[in-house]
Amino acid sequence: MHWLFRTNYRSFYLLNATQFLGALNDNIFKLLVIYLLINVKGPSAANAVLSLAGAIFVIPFLLFSSGAGVLADKISKRTIIVIAKVLELIIMMFAVVAVSLKWEIGAYTALFFMAAQSALFGPSKYGVIPELVEEKMVSKANGSMTSFTYLAIILGTFLASFITDITNKNFVLEAVFCVFIAIIGLLTSLGISRTQPQRSPKRINPFFLYEIYQTLKASKKVPHLLTAIFGSSFFLFVGAFTQLNIIPFAMQSLHLSEVGGGYLFLATAVGITIGAVISGQLSKDRIEPGISCSAGFFISLFFFTLSFFSSSLICTIMNLALLGIVGGGFLIPFDSFIQVHSPDEKRGQIIAAANFFSFIGVLFAAFCLYFISEELGFSAASGFALMGFLSLLANLFITGRLSCFFLPFFVQKILKRVRSFKVASPLPAPSDLVILQSPSWWDALLLFACLPQLKMLLPVPYFRRFPWINGLVDSLRIVPTDWASEASLQHLFEQIKELQEQGHSVCLFFHEKAKDASLVQSYQKALGRVSQNPVFVHGIKEKIARRFLLIRYYHKQITLTFSRWESSVF
């Protein structure tokens, strides 16, 4: 990441250092409160302390994120960052008093206000990135920010556990260390260049839920922005559950102490750091949500394997690290998409709304931990298996809504490894209607790699049983198979024209060639009635012999051509 060392990014370096120190302090202090109260109340109270601390840490983000987003769009984001760091220093000084007195309410109060200043900091620290770096560098900047955030989680988790160990649970010394970190964070924030305020006329509304609703309505006008917000929020839900559940998991399945469980999360945090950097590099100069969709399926897989191999420390560490790597790959494209595609005058409010739902996820993670362990009586390992199932369902929804990103990514990065193709003719214009006849779905998928923003129309009787696909899978549309009605025909081509005006390529895909011959003819007659001259896709398949060491194998290659005449080569 040589770009990180360019001198014209000095303010971004200082922003990264400021948020690193803030995240470091958040994690050290949160674990400090948890270890202190478990030490005072006994190991039997571990689940209750974890759930309550998790909930208290989240509530300020729900209460104040919307207002913080409005402020970020109204005044200089740099000014808000400095104010947040001043507040952090004051709160940490109060925390020293609360910890020295072993004052439970005081410790929870300090945790609440620490989260409140982080909620104020959040929209500005992410919203200011496009103001400090060029648009093409936003994905890499987010990769760097996320890497340093999880490096802070790694270091914070380690230091909280390590200082607790080596000082024989001297929690006051640990709180003083948090004050020292807050001082350094304030100094780095002062070095960030001043940014121009957006001067949004929006006012802070105490009825913040209504404000968030209005922000979501505005976000709906930007294609796929709501799905990106959901994906980013779901990541925080999964991450929070993993961090909370890993301590009882370590105590129940691996027979470690609560401090040992804190060490285990280091593997996930290291993995997220690595995954964030890899995702930023794979994205190159563009935002690639297809990476998120692919990584989501692996998140589900590694939750299941974590539950299945729960008695093995080595397997647990490996699974947690792999879970972190794919988690980092899942998050970065979503955060980058939100920052780049949000309107300038509403970026802070949209990021604040995303933060609100992210911390709804964190609050729900604390509730899930309590409900699964205390009410249902499930083990921590079973909790990870349940999370694997929920992750699978959520990622199926996300992938369906973002299929226009996932399918081209899948073809270019994965399918081409086993089924390559080349195009031997000029590509059709977006205003051309493309017709494909093939018994193979693989052939249809190849078109997503060469036709921009493709929408696939499926006049297949079987799929008429599943009308919900039209709402779930964004790139696929089910259309009727009988065009006796002139009104139905006109409605179809109005849909096609609307999609083409939006910049989409449109393809009619007839899946079963032999059975669909009469159906294709009826479509051709219908197309003639509305003066449509479709483009047909022709493919020639061949097997190419290749050799790997002493092993000879065959690689399938397809040559695609587009023309105005019909063929049945596929």
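The preceding data block contains the structure.
Worth saying up front: this structure is predicted, and the values here are computed from it rather than measured.

### Remarks on the overall build of the protein
The number of helices and strands found in the protein is 19 helices and 7 strands. Only carbon and sulfur atoms are counted for the fraction: they give 65% of the accessible area of the protein, which is about 24,500 Å².

### Observations regarding the layout of surface pockets
Considered as a void within the structure, the largest pocket measures approximately 540 Å³ in volume. Val222, Pro223, His224, Arg401 and Asp474 are the residues nearest the centre of the largest pocket, which is lined by 22 residues in total. Only helix H8 (208-220), helix H9 (225-253), helix H12 (313-341), helix H14 (380-401) and helix H15 (403-413) provide two or more residues apiece to the lining of the largest pocket. Per-element tally for the lining of the largest pocket: the top contributor is H9, with 4 residues.

### A few points about the packing of helix H1 (residues 10-41) against helix H7 (residues 171-189)
Contact geometry of H1 with H7 gives a least axis separation of 9 Å together with a crossing angle of 165 degrees. Taken as axis vectors, H1 and H7 run roughly antiparallel relative to one another. Here H1 runs over H7; the crossing is left-handed. Each of Leu14, Ala17, Thr18, Leu21, Leu24, Asn25, Ile28, Phe29, Leu32, Tyr35, Leu36 and Asn39 in H1 lies in contact with H7, whose residues at this interface are Phe171, Glu174, Ala175, Phe177, Cys178, Ile181, Ala182, Ile184, Gly185, Thr188 and Ser189.

### Describing the environment of isoleucine 435
By the secondary structure assignment, isoleucine 435 is in strand S2 (residues 433-437). Put simply, isoleucine 435 and phenylalanine 536 are 101 residues apart on the chain and 4.9 Å apart in space, counted from C-alpha to C-alpha.

### Quick look at the pattern of salt bridges
Under the criterion given, the structure shown has 4 salt bridges. Among the ionic pairs, lysine 41 bridges to glutamate 104, the shortest N-O distance being 3.4 Å. In this pair, lysine 41 is assigned in helix H1 and glutamate 104 in helix H4 (residues 104-127), connecting sequence segments 63 residues apart. Taking the shortest distance from any N to any O, the salt bridge between lysine 85 and glutamate 88 comes out at 2.6 Å. Of this pair, lysine 85 and glutamate 88 both sit in helix H3 (residues 77-100), 3 residues apart, roughly one helical turn. There is no split in this pair, since lysine 85 and glutamate 88 are both buried. In this structure, a network of salt bridges that share partners links the residues Arg401, Lys455 and Asp474.

### Examining the side chain of histidine 504
One can find histidine 504 in the loop between helix H18 (486-501) and strand S5 (505-510). Side-chain polar atoms of histidine 504 contact the backbone oxygen of glutamine 453, separated by 2.9 Å.

### Side note on empty space enclosed by the protein
In the structure shown here, the tally under the stated rule is 6 cavities of 30 Å³ or more. Computed from the structure, the largest cavity encloses a volume of approximately 880 Å³. For the largest cavity, the lining is made up of 37 residues, of which Lys125, Thr149, Tyr150, Leu236 and Phe359 are closest to its centre. When contributions to the lining of the largest cavity are tallied by element, the ones reaching two or more residues are H1, helix H2 (46-74), H4, helix H6 (138-166), H9, helix H10 (258-283), H12 and helix H13 (347-375). It is H9 that contributes the most residues to the lining of the largest cavity, 7 residues altogether. Per-class residue counts for the lining of the largest cavity are 19 nonpolar, 13 polar and 5 charged. A volume near 90 Å³ is recorded for the second largest cavity. Lining the second largest cavity, in full, are Phe235, Val238, Gly239, Thr242, Phe265, Thr268, Ile272, Ile299, Leu323, Gly324 and Gly327. Only H9, H10 and H12 provide two or more residues apiece to the lining of the second largest cavity. Partitioned by chemical class, the residues of the lining of the second largest cavity number 6 nonpolar, 5 polar and no charged.

### Looking at the environment of glutamate 104
The class for glutamate 104 is partly exposed, based on a relative accessible area of 30%. A sequence separation of 71 residues divides glutamate 104 from valine 33, and the C-alpha atoms of the two residues are 8.7 Å apart. Glutamate 104 has contacts with Leu37 and Lys41, leaving out every residue within four places of it along the chain. Here lysine 41 takes part through its side chain, which lies 3.4 Å from a polar atom of the side chain of glutamate 104.

### A few points about the state of the cysteines
The final tally for this structure, using the stated rule, is 0 disulfides. Take cysteine 404: it sits in no disulfide, and the sulfur closest to it among the cysteines is that of cysteine 293, at 8.9 Å.

### A word on unusual backbone geometry
Residues apart from glycine generally show negative phi values, whereas peptide bonds are mostly found in trans. Look at lysine 102: it is not a glycine, yet its phi comes out positive at around 50 degrees. If you check the backbone angles, asparagine 168 has positive phi at about 55 degrees while not being a glycine. Of the residues examined, asparagine 168 reaches a relative accessible area of 67% and is grouped as exposed.

The rules behind each value
Residues numbered from 1 in each chain as written. Predicted model: local features only at pLDDT ≥ 70, side-chain atom pairs only at ≥ 80, totals over all residues. Heavy atoms only, no water. Helix = DSSP H or I, 4+ residues; strand = E, 2+ residues; numbered from the N terminus. Areas by Shrake-Rupley, 256 points an atom, 1.4 Å probe, with all protein chains shown as cover. 1 Å grid on protein atoms, 1.4 Å probe; cavity = no way out; pocket = protein on both sides within 12 Å on 5 of 7 lines; lining within 4 Å. Points joined across faces, edges and corners; volume = space filled by probe spheres on them. Axes fitted to C-alpha atoms, helices over the stretch in contact; angles between N-to-C directions. Parallel < 35°, antiparallel > 145°, perpendicular 65-115°, else oblique. Left-handed = near helix turned anticlockwise from the far one by under 90°. Contact = heavy atoms within 4.5 Å. Salt bridge = Lys/Arg side-chain N within 4 Å of Asp/Glu carboxyl O. Buried < 20%, exposed > 50% of the residue type's maximum accessible area, 1.4 Å probe, protein only. Polar contact = N/O pair within 3.5 Å; in protein donor to acceptor, adjacent residues only side chain to side chain. Nonpolar A, V, L, I, M, F, W, Y, C, P; charged D, E, K, R; others polar. Disulfide = S-S within 2.5 Å.

Structural measurements only, silent on function.
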